[in-house]
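Here's the letter readout for the chains.
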Amino acid sequence: MRSLLAAFLLALCASPVFAQTMEYPLALAATEDGLLFVADRTLPGVWKVKDGKADLYFKADKMFRTPLNAVRCLAIDEKGRLLAGDSSTREVYRFDENGKPFPLTNGGIGIPMAIAVARNGDIFVADLELHRIWKVPSLGGEPEEFAVIPAPRGMAIDSQDRLWIVSHGKNHLLRLLPDKTVETV
């Protein structure tokens, strides 16, 4: 899957569609069926790319502090729905089947920089401002502090439910085990 996604991104970036539509892509997420979502900071908003064709998925207002004005990260949840972390509203949004975003944490995140979703649906959010990894219930609600990590910028969950974190504060790759033990890799 990873090599297929890399090849698709290379082809997309070389295509005239990419150059004519996206101005400042910051993040991307891909579904199992090959649908790609790309956050565009300058738009602001999110593009949907299918079969090499980019279409507008969600256009945000250019006014700061409005929903999805500054999307920094995207992920796909356990049911195939798009999640977006927005630094302008300090929120994580889930999009419904009609492309409408709904807030999940009531502004409970500082600056969301990465999102990873566990198999059980729990959502993990890397907060660059507060140097935390937050755990958000799959249905939304009050975020729970999961770990304190200096300057977390990227995350992924592996097949053993271990959370991998890029920590810019220590320039390390960290692995967070289910019992919350942090290992430097």
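Use the structure listed above.
Scoring rules and cut-offs
- Along each chain, the written sequence defines residue order, and numbers are assigned to residues from 1.
- Only residues with pLDDT of at least 70 are given local features in this predicted model, and only at 80 or more are side-chain atom pairs given and counted; all residues enter the totals for whole chains, interfaces and linings.
- Here the side-chain values reflect all heavy atoms present in the structure, with hydrogen atoms and water set aside.
- Pairing between strands requires that DSSP locate at least two bridges from one strand to the other.
- By definition, any uninterrupted DSSP run of H or I lasting at least four residues is a helix, any uninterrupted run of E lasting at least two residues is a strand, and each is numbered from the N terminus.
- Axis lines are fitted to C-alpha atoms, over the contacting stretch for helices. Their N-to-C directions set the angle, which ranges from 0 to 180 degrees.
- Here, a salt bridge means any side-chain nitrogen of Lys or Arg that lies within 4 Å of a carboxyl oxygen of Asp or Glu.
- Residue exposure (1.4 Å probe, protein chains only): buried if accessible area is under 20% of the type maximum, exposed if over 50%, otherwise partly exposed.
- Contacts between residues were defined by any pair of non-hydrogen atoms, one from each residue, lying within 4.5 Å.
- Here a polar contact means two N or O atoms within 3.5 Å. Within protein one must be a hydrogen donor candidate and the other an acceptor candidate, and residues neighboring in sequence count only if both atoms are side-chain atoms.
- What is meant by a nonpolar core is a set of buried Ala, Val, Leu, Ile, Met, Phe, Trp, Tyr and Cys residues, joined one to another through side-chain atoms within 4.5 Å.
- Pairing of aromatic rings covers Phe, Tyr and Trp, the last through its six-membered ring, and needs centres within 6.5 Å; plane angles under 30 degrees mean stacked, over 60 mean edge-to-face, and all others mean tilted.

### What to know about the sheet that holds strand S15 (residues 172-176)
Within a beta sheet, neighbouring strands are joined by backbone hydrogen bonds and run either parallel or antiparallel to one another.
Then, number 1: The sheet built from four strands is open, its strands ordered S13-S14-S15-S16 with antiparallel pairing. Each having just a single partner strand, strand S13 (152-157) and strand S16 (182-184) make up the two edges of the open sheet. Taking the axes of each pair of neighbouring strands and ignoring which way they run, one obtains an average angle of 25° across the sheet.

### Observations concerning the pattern of salt bridges
Then, number 1: In this structure the tally under the stated criterion is 10 salt bridges.
Then, number 2: Lys180 serves as the salt-bridge partner of Glu144, at 4.0 Å between the closest nitrogen and oxygen. In this pair, Glu144 is assigned in strand S12 (residues 144-148) and Lys180 in the loop between S15 and S16, connecting sequence segments 36 residues apart.
Then, number 3: The partly exposed category is assigned to Lys180, whose relative accessible area is 39%.

### What about the environment of Arg65?
Then, number 1: Note that Arg65 resides in the loop between strand S4 (53-59) and strand S5 (71-76).
Then, number 2: Between the C-alpha atom of Arg65 and that of Asp86, which follows or precedes it by 21 residues, the distance is 9.3 Å.
Then, number 3: Ignoring sequence-local partners within four residues, the contact set of Arg65 consists of Ser87, Ser88 and Thr89.
Then, number 4: Engagement of the side chain of Arg65 in a polar contact is seen with the backbone oxygen of Ser88, the distance being 2.9 Å.

### Here's the deal with the nonpolar core
Then, number 1: In terms of nonpolar packing, the biggest core is built from 16 residues, with Phe37, Leu68, Val71, Leu74, Leu82, Ala84 and Phe95 touching the most fellow members.
Then, number 2: When contributions to this core are tallied by element, the ones reaching two or more residues are strand S1 (25-30), strand S2 (36-40), S5, strand S6 (82-86) and strand S7 (91-95).
Then, number 3: The element contributing the most residues to this core is S5, with three residues.
Then, number 4: When sequence neighbours within four positions are dropped, the list of residues in contact with Ala84 reads Leu68, Val71, Cys73, Leu74, Glu91, Val92, Tyr93, Phe95 and Ile115.

### Things to note about the side chain of Asn69
Then, number 1: Relative to the helices and strands, Asn69 is located in the loop between S4 and S5.
Then, number 2: Reaching out from Asn69, the side chain makes a polar contact with the backbone oxygen of Met63 at a distance of 3.5 Å.
Then, number 3: Aside from chain neighbours lying at most four places away, what touches Asn69 is Arg41, Pro44, Ala60, Asp61, Lys62, Met63, Phe64, Asp86 and Ser88.

### Digging into the sheet that holds strand S9 (residues 112-117)
Then, number 1: Overall, antiparallel pairing links the four strands, which are arranged S9-S10-S11-S12 in an open sheet. Because the sheet does not close on itself, it has two edges, and the strands there are S9 and S12. Neighbour-to-neighbour, the strand axes of this sheet turn through a mean angle of 25°, independent of strand direction.
Then, number 2: Two strands pair when backbone bridges link them, and strand S11 (residues 132-136) and S12 are joined in this way by four bridges, in the antiparallel orientation. When the sheet's bridge partners are listed, Lys135 is paired in S12 with Glu144.

### Let's talk about the packing of aromatic side chains
Then, number 1: In this structure the tally under the stated criterion is four aromatic pairs.
Then, number 2: Summarising the aromatic geometry, the rings of Tyr57 and Phe95 are spaced 5.3 Å apart at their centres and angled 55° between planes, so their arrangement reads as tilted. One end of the pair, Tyr57, is in strand S4; the other, Phe95, is in strand S7, and 38 residues separate them in sequence.
Then, number 3: Classification of Tyr57 by relative accessible area gives partly exposed; the value is 21%.
Then, number 4: When its relative accessible area of 1% is taken as the criterion, Phe95 is described as buried.
Then, number 5: Ring centres of Phe58 and Phe95 lie 5.7 Å apart, and the angle between their planes is 70°; this geometry places the pair in the edge-to-face category. Linking Phe58 in strand S4 with Phe95 in strand S7, this pair joins segments that are 37 residues apart in sequence.
Then, number 6: We classify Phe58 as buried; its relative accessible area is 17%.

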